[in-house]
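Chain and residue survey
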Amino acid sequence: MQIPFCIEALTKHMRANAPKQRQGALSLLRCLAAKLPHRVAPSMIRLKDELLRSLADSTSSIRYDGLCIVTDLARDFTDPAPFQQLAPELYPALIKCTMDSYYKVAAQGLRACGWYVHTLRSALTANAGHLTAVMEVLQRTLVATDIDQEVKEASLECFGHMLAVCGNQPFVLDALAQSMNAFVERMRNEVTRTTAMKALKRIAAAEIEPRVPIEPVLDQICVELCRFLDLSSRSIRQQVLDSTVPLLQRYGDGVPFETSCTFLAQVEKFVSDMDLYITDLCIQVIEALVCRSGVAARIAELCLPRILIVCRSPLLQGAALESILRLLSNLFQYPEHFPFDALFAQLTDLSMLQDQQAQASRHVVATLSKALAQLVLRADIATKQRTFSTFGQCLSSPADTGDAQVALRCELYLLTIGEIGKHENLSAVPGVTDLMLQHLSSSRDEIAQAAAVGFGCMTAGAMSSFLAVLIQRMQTSADSPKIRYLLLTSLREVIAVNASRDAASLSQHISEHLEGIFTLLIQNSGREEESVRAVVSECFGHLLAIVPEATAPQLHPLFRGSSGEARATAVASLRCAASRNCPVETMLPFADALVEALSDSDLQVRKAGLQAVNVVCQSSCNAVLRPVAGAVLERLWEESQVNHKLIREVDLGPFKHKVDDGLPLRKIAYQGASSLLAAYGEAVPVNRMMDFVKQGLTDQEDVQVGCCQLLSDLCVWARPAVVARLGDIIEPFERVITQSAKQAQNKQQVSRVTDNLRLFARTLKNVEAIAEGDGRQPFLDFVSRLNKDQAFAQAYDRVGSRDV
């Protein structure tokens, strides 16, 4: 992009005598600064005179645009040099704008001063006079009551930026001490507390040493935060916790014991599986307080019971789970308050899982195994030996009986051994390898699967000891499909765990076994069992990202193999590699093979290709398909059409049922089209995209969902194409909506039809927002006709009011 030439041309217009011409040029520069700050910032020196002139202009809108330009450039700066060079002249002009009579200019001036100070981080002493002047302005605005609300909020934002950068500098300490009480008052104010809490979060999270000295008002701040937690608003609660977490992490040692206990009592109420985001924040608050003297006992009394209840929830996952595991790891370091035997008994109590479904109970068992592993890892050597003895006694007993509790306990212990093995070498534990391998033959699938996963995790933590055993066992169990699948699962865990943790170590330990691993993977790539092929593709995907120079030559022949299953496995490997952000250089040689897979004669190869395209477009290696985006779209177009050869009739006795094997492919084709549009934008023929929309509206409901999503995306990425072909979508939309509205009379289908009508209404709202020209009035008439139906009119009104 020729940004420097654009800026050079704009400077001529900014020097013009006509105010409107200067205003227009400045507005365009403001758009460039907002959208392309990294390209505009290097030209700041050239723009100095024009920026200074705009900040001193008699027209308030020009002053405002000039401030917005400086703010946008400072917010996303990469090189501080031009900002520091301009600071002696530009920063005083910004400070002058903070005292402007027009409230919008004053507020934007404060924001500009706040963001600009980040660019001066390495030159604070040289700009001490300017920064002191800003603090003096903030002292006045923080206590002022007769100023506009926007100026109050902007002053709080600026205050947060200033303290986050230079709050520990000697030249601001006096002003800081005089301003903190006013800041606390702004926190108490219902109107300004949200902005004040954001500023507090920025101050607490500042990575400067020594930290900002806010200790004189720390207790007042904590009291206010505890008071806010009593409010019923979830948004306020989230903001409070968001600010409290960095505050306690940074200043927890200065919080009084009574205030710490108040925090625990407040956050304990919100630890549940009903809102995992809030739970995550609450756990972080507890974690920040656990190191305080005497607090561990209160945590054991107030918080631990609720945490253990959440650990048994099948909904627990993601950041909340990671926070709980991290907290438990810290709590277990206080055995006087968290005795090992009591916690072990609580974590191994599986009585609550009897009434849960199998999938839910397996998720809970996996969660408990992670928590139990943290407990064992923090124990002393004697306790660890006793614990492994307990594991061995339980796992040595037959688990294939009908007792569900025994089976769940075996599953828990097998997974726990694996979780411990991730972090600690278990090669010195006697009999642990035989114990894990013998359970691969269990008649209970869940126990065998737990043994496979556990053995894989254990091997990941002791590659030099267990990897050779795993490879040898895979080579000797080739005749048993079940054992083969389970050992492949173990190998996948080995690769996956080390790939996310220490890819270099994996490459080093696995290099001597690569030949044997590739032989086994290639042998199993053409298996009929889809589950086996899925594991093989994941292994290949991980290895392609870790050791591409060794994996690529093994993978290329599979694309040309005679077996459709093997080709599908090879294509699926690319999907797995892309999902793990494989480098573009590694994926580029496979681009042609991926495009060819979309036109393969085998149905499962085409399906794997469609799925791979969808993932590649959404990954960091999406540049792989940019040169062939048009060809890929044509393949998707072919796959999106109904293929009557893939529709078969199944005889169910009294009646016959038609099964469309091509429906999953058409659904993925529409997802791929949306991904192509998002990834490559203008490189994709948008007229063909509108053909997708027109055709998809005549297909089944599952395809119509993807069609509506594609049309909504087109309204964002390709407005002219949608406007030009509004007439093409009116008739298909009218037919499908009328049909859905008629189905609403059937009480058994009300829920499904309501969801469909809401989807259509939301899509038409997106189209209506961009409709213009000759096609607008016919489209509005079409919507008016649809609104005569009560069911659709209700859905359309709810979408309009955002009550969905």
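Before any of the text, the structure's been laid out above.
Residues numbered from 1 in each chain as written. Predicted model: local features only at pLDDT ≥ 70, side-chain atom pairs only at ≥ 80, totals over all residues. Heavy atoms only, no water.

Quick notes on the overall build of the protein
What the protein contains, in helices and strands, is 43 helices and two strands. Oriented by its inertia axes, the alpha-carbon framework of the protein measures out at about 85 × 75 × 60 Å. Counting every position in the protein, which comprises 804 residues, the buried fraction comes to 53%. Long-range pairs, those at least 24 residues apart, make up 74% of the contacts in the protein with a sequence separation of at least 6. Of the accessible surface of the protein, which amounts to about 35,400 Å², a share of 50% is contributed by carbon and sulfur atoms. For the protein, the separation between the mean place of its 80 positive charges and that of its 88 negative charges on side chains is 4 Å. (Helix = DSSP H or I, 4+ residues; strand = E, 2+ residues; numbered from the N terminus. Buried < 20%, exposed > 50% of the residue type's maximum accessible area, 1.4 Å probe, protein only. Contact = heavy atoms within 4.5 Å. Areas by Shrake-Rupley, 256 points an atom, 1.4 Å probe, with all protein chains shown as cover. Lys, Arg positive; Asp, Glu negative; His and termini not counted. Charge placed at Lys NZ, Arg CZ, Asp CG, Glu CD.)

Structural notes on the pairing of strand β1 (residues 647–651)
Inspection of the sheet shows β1 paired to strand β2 (residues 656–660) by five bridges, in the antiparallel sense. Along β2, the bridge assignment pairs V650 with H657. Joining the antiparallel neighbours β1 and β2 is a turn of four residues, in which G653 adopts a positive phi near 90°. (Pairing = 2+ DSSP bridges.)

Quick look at the packing of aromatic side chains
Tallying each qualifying case throughout the model produces 16 aromatic pairs. Relative to F391, the ring of F388 has its centre 5.7 Å away and its plane inclined at 80°; by these criteria the two rings are edge-to-face. Of this pair, F388 and F391 both sit in helix α21 (residues 381–396), three residues apart, which is roughly one turn of the helix. Overall, F391 belongs to the buried group, its relative accessible area being 0%. For the ring pair Y670 and F692, a centre distance of 5.5 Å and an interplane angle of 85° mean the geometry is edge-to-face. (Phe/Tyr/Trp six-rings, centres within 6.5 Å; stacked < 30°, edge-to-face > 60°.)

Focus on the pattern of salt bridges
Counted according to the given criterion, the structure contains 45 salt bridges. Ionic pairing is found between E150 and K104, a salt bridge with its closest N-O pair at 3.6 Å. Taken together, the residues span a long stretch of sequence, with E150 in helix α9 (residues 149–166) and K104 in helix α7 (residues 103–119) at a distance of 46 residues. Classification of E150 as buried rests on a relative accessible area of 18%. Classification of K104 as partly exposed rests on a relative accessible area of 28%. (Salt bridge = Lys/Arg side-chain N within 4 Å of Asp/Glu carboxyl O.)

Quick look at the side chain of S525
Looking at where S525 falls in the secondary structure, it is placed in the loop between α28 (514–524) and α29 (530–546). Side-chain polar atoms of S525 contact the backbone oxygen of I522, separated by 2.8 Å. Leaving out residues up to four positions away in the same chain, S525 has contacts with R533, V536, L558, E565, A566 and T569. (Polar contact = N/O pair within 3.5 Å; in protein donor to acceptor, adjacent residues only side chain to side chain.)

Some thoughts on empty space enclosed by the protein
Under the criterion given, the structure shown has three cavities of 30 Å³ or more. By volume, the largest cavity amounts to about 80 Å³. Around the largest cavity sit M14, R22, L26, E50, R53, S54, D57 and I62, which together line it. Taken together, the elements giving at least two residues each to the lining of the largest cavity come down to α2 (19–35) and α4 (48–55). Here the residues of the lining of the largest cavity sort into three nonpolar, one polar and four charged. (1 Å grid on protein atoms, 1.4 Å probe; cavity = no way out; pocket = protein on both sides within 12 Å on 5 of 7 lines; lining within 4 Å. Points joined across faces, edges and corners; volume = space filled by probe spheres on them. Nonpolar A, V, L, I, M, F, W, Y, C, P; charged D, E, K, R; others polar.)

Some words on unusual backbone geometry
Put simply, E209 and P210 share a cis peptide bond, and its omega is -10°. Here P210 is to be found in the loop between α11 (193–204) and α12 (218–228). The phi angle at N581 is positive, at roughly 55°, despite the residue not being glycine. If you trace the backbone, N581 turns up in the loop between α31 (564–579) and α32 (584–587).

Quick look at the environment of L786
Its place among the elements puts L786 in helix α42 (residues 776–786). The spacing of L786 and I737 is 49 residues in sequence and 7.9 Å in space, taken between C-alpha atoms. Beyond its immediate sequence surroundings of up to four residues, L786 is in contact with E734, I737, L764 and F792.

Quick look at the packing of helix α10 (residues 170–188) against α12
The contact between α10 and α12 brings their axes to 10 Å, and the two run at 5°. Put simply, α10 runs roughly parallel to α12. Mapping the contact onto sequence places M180, N181, V184, M187 and R188 in α10 and Q220, I221, E224, L225, R227 and F228 in α12. The residue makeup of the contact of α10 with α12, split by class, is six nonpolar, two polar and three charged. (Axes fitted to C-alpha atoms, helices over the stretch in contact; angles between N-to-C directions. Parallel < 35°, antiparallel > 145°, perpendicular 65-115°, else oblique.)

Overview of α2
When the terminal C-alpha atoms of α2 are compared, their 24 Å separation across 17 residues agrees well with the 24 Å that a helix rising 1.5 Å per residue should span. By the burial criterion, the buried members of α2 are R22, Q23, A25, L26, L29, L32 and A33. The elements touched by buried residues of α2 are α1 (3–14), α3 (37–40), α4 and α5 (60–75). (Expected span 1.5 Å × (residues − 1).)

Comments concerning the side chain of S619
Checked against the element boundaries, S619 lands in the loop between α34 (603–618) and α35 (629–639). For S619, a relative accessible area of 10% corresponds to the buried category. Non-local contacts of S619, meaning those with residues more than four positions away in its chain, are made with A578 and N581.

Some details on the environment of G454
With respect to the helices and strands, G454 occurs in helix α24 (residues 445–461). Owing to a relative accessible area of 1%, G454 belongs among the buried residues under this scheme. Each residue touching G454, except ones within four places of it in the same chain, is listed here: L414, G418 and M436.

Brief notes about the state of the cysteines
For the structure shown, the criterion picks out zero disulfides. Looking at C166, it has no disulfide partner, and the nearest cysteine sulfur is the one in C158, 9.3 Å off. C539 takes part in no disulfide bond, and the closest cysteine sulfur, belonging to C576, lies 9.1 Å away. Given a relative accessible area of 0%, C539 falls into the buried group. (Disulfide = S-S within 2.5 Å.)

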